[in-house]
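Tertiary structure, described
Next come the chains, spelled out residue by residue.
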Amino acid sequence: MLHHTTMQTPIGELVLIASDTGLREIRLPLPDRRRRAPTVASTDHPILTAAQEQLDEYFRGERRAFDVPLDVEGSTFQHEVWQALTTIAYGATESYGQLAERIGKPGAARAVGGANGRNPIPIVVPCHRVIGAGGALTGYGGPTDDGIAMKRWLIGHETSFAHDVAGGVA
């Protein structure tokens, strides 16, 4: 069974969807995303509660990594890319090419970009930390100005807390 909830954040309303075993999707508040109503039960669920708490901590600058259980569907390659995304340091960025090299697939920057763009749990799996080769902010949640502004905000948010030695929960 799937469960969902919504939460208000500094970047807008997020829709969180979880199975009984883990967080499955975070829907960003972007106009080019179909904001279809979840066709799942809206219930109080411990995974959703944990995800909300951890996201609240992240937005307060108190959390740098997430440990909520995940239940994400995707190909083996997508999972490899998504796992690599979680190793990009808080407040840091990497290019698609650097990420491709790091997972042992140099020359697969476009494929990495495709997997990055299909990440169903943004923020928790920090796809916003991936940038273009020249340092340009590329699409986030689709090729819209709203997505770029959201990506810029998330990177700036992390950068503002990255040097705070006392802050952050691992």
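Here is a short report on the structure shown in this document. (Residues numbered from 1 in each chain as written. Predicted model: local features only at pLDDT ≥ 70, side-chain atom pairs only at ≥ 80, totals over all residues. Heavy atoms only, no water.)

What follows concerns the side chain of H128. Of note, H128 is situated in the loop between helix 4 (109–117) and strand 5 (130–131). Residue H128 is classed as buried on the basis of its relative accessible area of 0%. (Helix = DSSP H or I, 4+ residues; strand = E, 2+ residues; numbered from the N terminus. Buried < 20%, exposed > 50% of the residue type's maximum accessible area, 1.4 Å probe, protein only.)

One finds L14, L16, L23, L55, L85 and I123 to be the most contacted residues of the largest nonpolar core, which totals 38 residues. Of the residues forming this core, the biggest block, six residues, is contributed by helix 1 (residues 46–59). In this structure, L55 is in contact with M7, L14, L16, I26, F66, I123 and V124, ignoring residues within four places of it in sequence. (Core = buried A, V, L, I, M, F, W, Y, C linked by side-chain atoms within 4.5 Å. Contact = heavy atoms within 4.5 Å.)

Within the element layout of this structure, I148 appears in helix 5 (residues 145–162). On a C-alpha basis, the gap between I148 and L137 in space is 6.6 Å, while along the polypeptide they are eleven residues apart.

A separate point is helix 1. Since the α-helix packs 3.6 residues into each turn, any two residues three or four apart lie on the same face. Taking 1.5 Å as the rise per residue, helix 1 with 14 residues should run 20 Å; its terminal C-alpha atoms sit 20 Å apart, in good agreement. Restricting attention to buried positions, one finds in helix 1 the residues I47, L48, A51, Q54, L55, Y58 and F59. Down the axis of helix 1, the buried set is contained in an arc of 135°. They therefore lie on one face. In the segment just after helix 1, G61 is the residue with positive phi, at about 80°. (Expected span 1.5 Å × (residues − 1). Arc of directions from axis to C-beta.)

Here we have three strands laid out as an open sheet, ordered 1-2-3, and antiparallel in their pairing. The strands lining the two open edges of the sheet, one partner per strand, are strand 1 (3–9) and strand 3 (23–27). Averaged over neighbouring strand pairs, the angle between their axes works out to 20° when direction is ignored. Sheet topology note: the strand 1/strand 2 (residues 12–18) ladder contains seven bridges and is antiparallel. Of the residues in strand 2, the one forming a bridge with T6 is V15. (Pairing = 2+ DSSP bridges. Axes fitted to C-alpha atoms, helices over the stretch in contact; angles between N-to-C directions.)

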